[in-house]
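Okay, here's what each chain looks like letter by letter:
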Amino acid sequence: MSALTGPQGEELFAKDNINFLITPNAYDIAQYHTKYRNIYQFFSQSGVVLADGMPIVWLSRFTKKPLKKRIPGSDLFPVLWSTIAKTQKRVYFILSNRELGERLVSEHPYTKFIVPDFFDENDDSYIEKFVQQHIRSISEFRPEFLFIGITLPKQQKLAIELHRQLSGTVSFNCLISILGASFEFYSGAKKRAPSFFRKAGLEWLYRFFQEPKRTWRRYTIGSLVFLGVALKELIRIPRLSGKAQKSREKIPF
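Residues numbered from 1 in each chain as written. Predicted model: local features only at pLDDT ≥ 70, side-chain atom pairs only at ≥ 80, totals over all residues. Heavy atoms only, no water.

Visitor: How should the side chain of Ser-74 be read in this particular structure?
Guide: When you line up the elements, Ser-74 lands in helix 5 (residues 73-87). Contact partners of Ser-74, with chain neighbours within four places excluded, come to Ser-182, Phe-185 and Arg-192. (Helix = DSSP H or I, 4+ residues; strand = E, 2+ residues; numbered from the N terminus. Contact = heavy atoms within 4.5 Å.)

Visitor: How do you make sense of the environment of Tyr-40 when you look at a structure like this?
Guide: Relative to the helices and strands, Tyr-40 is located in helix 3 (residues 37-43). Sequence separation of Tyr-40 and Asn-173 is 133 residues, and the distance between their C-alpha atoms is 23 Å. Apart from residues no more than four positions distant in its own chain, Tyr-40 is found in contact with Tyr-32 and His-33.

Visitor: Just to check I follow, could you spell out the sheet that holds strand 3 (residues 91-94) for this structure?
Guide: Within a sheet, neighbouring strands are paired by backbone hydrogen bonds and run either parallel or antiparallel to one another. Read from one edge of the open sheet, six strands run 2-1-6-5-3-4, paired in parallel fashion. Since the sheet does not close on itself, it has two edges, and those belong to strand 2 (48-49) and strand 4 (111-114), each with one partner. Relative to strand 5 (residues 145-148), strand 3 runs parallel, the two being bridged by four bridges. Looking across to strand 5, one finds that Phe-93 is bridged to Phe-147. Each of strand 1 (18-22), strand 3, strand 4 and strand 5 is contacted by helix 5, which is oriented at about 150 degrees to strand 5, the strand it contacts most. (Pairing = 2+ DSSP bridges. Axes fitted to C-alpha atoms, helices over the stretch in contact; angles between N-to-C directions.)

Visitor: Sorry if this is basic, but what is going on with the packing of aromatic side chains here?
Guide: For any pair of aromatic rings, geometry is given as the distance between the ring centres together with the angle between the planes. Summed over the entire model, instances satisfying the criterion amount to 20 aromatic pairs. Between the aromatic rings of Phe-145 and Phe-147, the centroid separation amounts to 6.0 Å while the plane-to-plane angle is 10 degrees, which identifies the pairing as stacked. Look at Phe-145 and you get buried, because its relative accessible area is 3%. Connected via pairs of aromatic rings, a cluster forms that spans Phe-77, Trp-81, Phe-93, Phe-145, Phe-147, Phe-183 and Tyr-186. A cation sits over an aromatic face here: Lys-154 above Phe-118, 4.2 Å from the ring centre. When the ring centre of Phe-119 is taken as reference, the NZ or CZ atom of Lys-154 above it lies at 4.9 Å. (Phe/Tyr/Trp six-rings, centres within 6.5 Å; stacked < 30°, edge-to-face > 60°. Buried < 20%, exposed > 50% of the residue type's maximum accessible area, 1.4 Å probe, protein only. Lys NZ or Arg CZ within 6 Å of the ring centre and 35° of its normal.)

Visitor: Help me understand helix 5 in this model?
Guide: Three- or four-residue spacings in an α-helix give side chains the same orientation, since the helix completes a turn every 3.6 residues. Taking 1.5 Å as the rise per residue, helix 5 with 15 residues should run 21 Å; its terminal C-alpha atoms sit 20 Å apart, in good agreement. Of the positions making up helix 5, those classed as buried are Gly-73, Ser-74, Leu-76, Phe-77, Leu-80, Trp-81 and Ile-84. Projected onto a plane normal to the axis of helix 5, the buried residues spread over an arc of 135 degrees and lie on a single side. Gln-88 sits one or two positions beyond helix 5 and adopts a positive phi of about 60 degrees. (Expected span 1.5 Å × (residues − 1). Arc of directions from axis to C-beta.)

Visitor: Quick question: what am I supposed to make of the pattern of salt bridges here?
Guide: Opposite charge on two side chains lets them pair, provided their charged atoms get close. In total, this model carries 15 salt bridges according to the counting rule given. For Glu-184, the salt bridge identified is with Lys-190, shortest N-O distance 3.8 Å. Using a relative accessible area of 30% as the deciding quantity, one classes Lys-190 as partly exposed. (Salt bridge = Lys/Arg side-chain N within 4 Å of Asp/Glu carboxyl O.)

Visitor: So what exactly am I meant to see when it comes to helix 6 (residues 98-107) here?
Guide: Inspection of helix 6 places Leu-100, Gly-101 and Leu-104 among the buried residues, and these make up the whole buried set. The buried residues of helix 6 all sit within an arc of 100 degrees when viewed along its axis, so they share a single face. More than 90 degrees from the buried face of helix 6, the exposed residues found are Glu-99 and Ser-106. The inward-facing, buried residues of helix 6 abut helix 5, strand 3, strand 4 and helix 9 (182-187). The N-terminus of helix 6 is capped by Asn-97, whose side-chain oxygen sits 3.3 Å from the backbone nitrogen of Glu-99. (Polar contact = N/O pair within 3.5 Å; in protein donor to acceptor, adjacent residues only side chain to side chain.)

Visitor: Got a minute to help me understand unusual backbone geometry in this structure?
Guide: The phi torsion of most residues other than glycine is negative, and most of the peptide bonds are trans. Looking along the chain, the bond that leaves Leu-152 and enters Pro-153 is cis, with omega of 0 degrees. Checked against the element boundaries, Pro-153 lands in the loop between strand 5 and helix 8 (154-166). In the Ramachandran plot, Gln-88 falls in the positive-phi region, its phi being about 60 degrees despite a non-glycine side chain. For Gln-88, a relative accessible area of 39% corresponds to the partly exposed category. If you check the backbone angles, Arg-142 has positive phi at about 55 degrees while not being a glycine. By secondary structure assignment, the location of Arg-142 is in the loop between helix 7 (124-141) and strand 5.

The following block contains the structure:
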């Protein structure tokens with residue numbers, strides 16, 4: 001965690017005082033390359049990118065720099081949250097419900113949260129107004145971490161708007177971390193798959209059995225799209241120059 005909470009974390013803000021931590025899974029990647037290409041272009045330069053899905057790890061083994069393991073937000077957040085509390089970091093949350101926010105505040109006093117109204121993912125005017133409404137509170141609180149846990153693409157669009165309004169206007173460094181349902185898993189509001197399913201790369205199957213109507217499209221059509229994207233990337237990798245590969249910043253874990 002020192003790469004995020006210790007002095008080494010300052011390297012993340014060499015170019016901009018607002019940076020991002022994202023944990024894409026196979027479905028996210030499929031969506032980024034089809035429906036939300038503009039979001040993909042923005043987040044492709046995130047300071048910290050962690051694979052939340054075994055398919056990504058498996059496919060990385062065909063490259064020169066394979067990933068060692070998956071680090072889903074649901075595993076990352078409890079450890080990071082404990083370190084944040086111990087080191088008294090200031091934290092701001094954008095969450096889906098107040099109960100979760102109140103619990104997090106009770107666990108760490110240097111915490112604030114806000115809950116947006118339900119809004120359509122294409123309602124850019126609401127997103128802009130929501131950030132404008134709370135940007136002063138965020139700026140005055142000076143959070144070192146800003147966590148967003150809603151859904152794709154709402155949380156990504158909020159993060160982009162936050163970057164637009166904060167970057168270059170504040171003097172503090174802030175890592176905006178987009179972690180989806182990680183906070184609900186942490187609180188117990190949602191139940192994670194047993195350890196066996198997670199280690200075998202079958203967490204998706206457990207979630208499918210829990211919510212088949214909501215997730216069937218994600219795990220069928222989404223998986224096929226991801227496979228197509230992955231194959232194109234594997235074909236493209238050998239043609240990348242060594243210079244282009246070295247230009248990508250990496251944070252060790």
